[in-house]
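Structural overview for review
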Amino acid sequence: MSFESMWADLLPIGRDAATGGYHRFAWTPPELECRAWFLDEARRRDLAVEHDPNGNMIAWWRPDGTEDREAVLTGSHLDSVPGGGAFDGPLGVVSAFAAVDLLRERGVRLARPIGIGAFVEEEGARFGVACLGSRLLAGAIDPERARGLTDADGRTFAEVMHSAGLDPDAIGPDEGLLSRIGCYVELHVEQGRALHEPVGVASAIVPHGRWRFDFTGEGNHAGTTLLADRRDPMLPFASMVLAAREAAEHHGTVATVGKVRVEPGGVNAIPSSVTAWLDARGPADADVRRTVAEIDAAARAAARAHRVDVGLAEESYSAVVEFEHALRDRLGKALGGVPVLPTGAGHDAGVLSARIPAAMLFVRNPTGISHAPAEFAETGDCLAGVEALATVLADLAGGYGS
């Protein structure tokens, strides 16, 4: 199948007809439909599908004569953020199938297998930890902690895995799988406005993390409780949001509060608690840490002023990732010289780079919008990305003409 036809098949899955945004959360019906699409595409090509213990899927192209070692892995993820765009994740998976098709059509013979991966819960939209599937595979998160992660309905990761027919007691690093992979190359839509040519190569992923603030006050009647008697957690929460912007400007970082939960959530009730999630990113680890410390200090000062308790918990953190220079440079050479640029977005490639050589290709994003319905890439640029990925895979897998 062509890139365009595969893309058309995926496009309606999990899409909100009113907003155009996507809601493909791990192991919900839309994401399960995407996983079924992945399996169908693998079957069409007679690719053997491997399921690791963590819910990740890999479709293997093992041409005759290739040994199951030093394999080249590519792919991305199929899940989305709430109301996200179409390209973040699926572009890398669709492009991987299309690139394999190109290599086969051209009669390219390989010395090593090529795998197409679809990693689970990359966005962390359901269980709160980004790149959860690749973190488990790489041993970057404790399996016991992962089993206890909960979604908005209070269901644990372990419960959801069990419902999906998987064994939650088996999750964790898959050393056998990792030992068979020589490198990983992830194609992804660029998520800013830094790329001005169709295709680029990633140099690094900047430090980034997620923190949870828990403000606990006292619920009460909105109409009968005097201002002086209130312990309203919404007030220090508001101060924390403003402090995030000020701290980011002060330290040259970015800080975002994009998710909040208010209890009990009544219009005529003073909240008893407010839980808010902070996303902070920056050019250096120290800058991000100073940003979060400044926000925490402001939140605690405001909480004291309003007789509210506050707690801070780090839910995930990824230090700066410098992609292996030799692999990065090899991609650039194979493509005849393309732009090399860092990214402020996290990816499975960044997590896996701690265990195997990893690199990334970017496809131009003309609007710079991502994690929103307006996320976009021109078809011509997507096809250029497929061509670039095919070139890179052939080079890394030792391909040669028929």
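Scoring rules and cut-offs
Residues numbered from 1 in each chain as written. Predicted model: local features only at pLDDT ≥ 70, side-chain atom pairs only at ≥ 80, totals over all residues. Heavy atoms only, no water. Helix = DSSP H or I, 4+ residues; strand = E, 2+ residues; numbered from the N terminus. Buried < 20%, exposed > 50% of the residue type's maximum accessible area, 1.4 Å probe, protein only. Contact = heavy atoms within 4.5 Å. Areas by Shrake-Rupley, 256 points an atom, 1.4 Å probe, with all protein chains shown as cover. Lys, Arg positive; Asp, Glu negative; His and termini not counted. Charge placed at Lys NZ, Arg CZ, Asp CG, Glu CD. Core = buried A, V, L, I, M, F, W, Y, C linked by side-chain atoms within 4.5 Å. Expected span 1.5 Å × (residues − 1). Axes fitted to C-alpha atoms, helices over the stretch in contact; angles between N-to-C directions. Parallel < 35°, antiparallel > 145°, perpendicular 65-115°, else oblique. Left-handed = near helix turned anticlockwise from the far one by under 90°. Nonpolar A, V, L, I, M, F, W, Y, C, P; charged D, E, K, R; others polar. Salt bridge = Lys/Arg side-chain N within 4 Å of Asp/Glu carboxyl O. Pairing = 2+ DSSP bridges. Phe/Tyr/Trp six-rings, centres within 6.5 Å; stacked < 30°, edge-to-face > 60°. Lys NZ or Arg CZ within 6 Å of the ring centre and 35° of its normal. Arc of directions from axis to C-beta.

1. Some points on the overall build of the chain
Each helix and strand in the chain was counted, giving twelve helices and 15 strands. Referenced to the eigenvectors of the C-alpha coordinate spread, the extents of the chain come out at roughly 80 × 45 × 40 Å. Buried positions account for 54% of the 402 residues belonging to the chain. Taking as baseline every contact in the chain between residues at least 6 positions apart, the subset at least 24 positions apart corresponds to 77%. Here the chain displays about 16,500 Å² of accessible surface, and carbon together with sulfur accounts for 52% of that area. Both charge centroids of the chain, one from 37 positive and one from 57 negative side chains, sit 1 Å from each other.

2. Points about the nonpolar core
Core analysis: the largest hydrophobic core is formed by 55 residues, its most contacted members being W37, F38, L91, F97, I114, L331 and L361. For this core, the leading source of residues is helix α3 (residues 90–105), giving ten residues. With residues near it in sequence (within four places) discarded, L361 still touches V185, E186, L187, H188, G200, V201, L331, L335, A388, L389 and V392. In this structure, A71, L177, A202 and A358 belong to the second largest nonpolar core, which totals 25 residues.

3. A word on helix α9 (residues 285–305)
Taking 1.5 Å as the rise per residue, α9 with 21 residues should run 30 Å; its terminal C-alpha atoms sit 31 Å apart, in good agreement. Within α9, the full set of buried residues consists of D287, V288, T291, V292, I295, D296, A299, A302 and A303. For α9, the secondary structure elements touched by its buried residues are β7 (208–216), α8 (234–251), β9 (254–263), β11 (273–281) and β12 (309–318). R307 lies just past α9 and shows a positive phi near 55 degrees.

4. Remarks on the packing of helix α1 (residues 3–10) against helix α2 (residues 29–44)
It is at 10 Å that the axes of α1 and α2 come closest, and there the two elements cross at 150 degrees. By the angle between their axes, α1 is roughly antiparallel relative to α2. As α1 packs across α2, the resulting crossing turns out to be right-handed. The segment α1 lies against α2, with M6, D9 and L10 engaging C34, W37 and E41. Its residues assigned to classes, the contact of α1 with α2 comprises four nonpolar, no polar and two charged.

5. Quick word on the pattern of salt bridges
With the rule as written, the count across this model stands at 23 salt bridges. Note that R364 and D381 form a salt bridge whose closest N and O atoms lie 2.8 Å from each other. Taken together, the residues span a long stretch of sequence, with R364 in the loop between β15 (358–363) and α12 (379–396) and D381 in helix α12 at a distance of 17 residues. One continuous salt-bridge network, built from bridges that share partners, spans E41, R44, R45 and D101.

6. Re the sheet that holds β7
The strand order across the open sheet formed by four strands is β9-β11-β7-β12, and the pairing between neighbours is antiparallel. Strands with a single pairing partner mark the edges of an open sheet, and in this sheet they are β9 and β12. Strand after strand, the sheet turns through a mean of 15 degrees between neighbouring axes, direction not considered. Bridge count for β7 against β12 is nine bridges, and the pairing is antiparallel. In the strand pairing of β12, R210 is matched with S316.

7. Topic: the packing of helix α10 (residues 325–334) against α12
Packed helices, taken two at a time, are described by the angle their axes make and the gap between the axes. Running from N to C, α10 and α12 cross one another at 120 degrees; their axes reach a closest spacing of 9 Å. The angle between α10 and α12 places the two elements in the oblique class. Between α10 and α12 lies a crossing of right-handed hand. Taking contact as the criterion, the partners of L327, R330, L331 and A334 in α10 are, on α12, T391, V392, D395 and L396. A breakdown of the residues in the contact of α10 with α12 according to their chemical character gives five nonpolar, one polar and two charged.

8. As for the packing of aromatic side chains
Under the criterion given, the structure shown has eleven aromatic pairs. Their ring planes at 70 degrees and their centres at 6.4 Å tell us that F215 and F237 sit as a pair that is edge-to-face. Separated by 22 residues along the polypeptide, F215 in strand β7 and F237 in helix α8 bring together distant segments of the chain. Residue classification places F237 among the buried residues on the basis of a relative accessible area of 12%. Connected via pairs of aromatic rings, a cluster forms that spans F3, W7, F87 and F376. Above the plane of the ring of W277 lies K259, whose end atom (NZ or CZ) is 4.5 Å from the centre. Positioned over the ring face of Y317 is R289, at 3.9 Å from the centre of the ring.

9. Quick notes on α1
All of the buried residues in α1 are F3, M6, W7 and L10. When α1 is viewed along its axis, its buried side chains cluster within an angular range of 100 degrees and face the same direction. The secondary structure elements touched by the buried residues of α1 are α2, α3 and α12.

10. A closer look at the side chain of D296
Mapped onto the elements of the fold, D296 is located in helix α9. In this structure D296 comes out as buried when scored by relative accessible area, which is 15%. Look past the residues within four positions of D296 in its chain and what remains in contact with it is F213 and L312.

11. Focus: the environment of G219
Structurally, the position occupied by G219 is in the loop between β7 and β8 (220–221). Taking C-alpha positions, G219 is 7.7 Å from S273, a pair spaced 54 residues apart along the chain.

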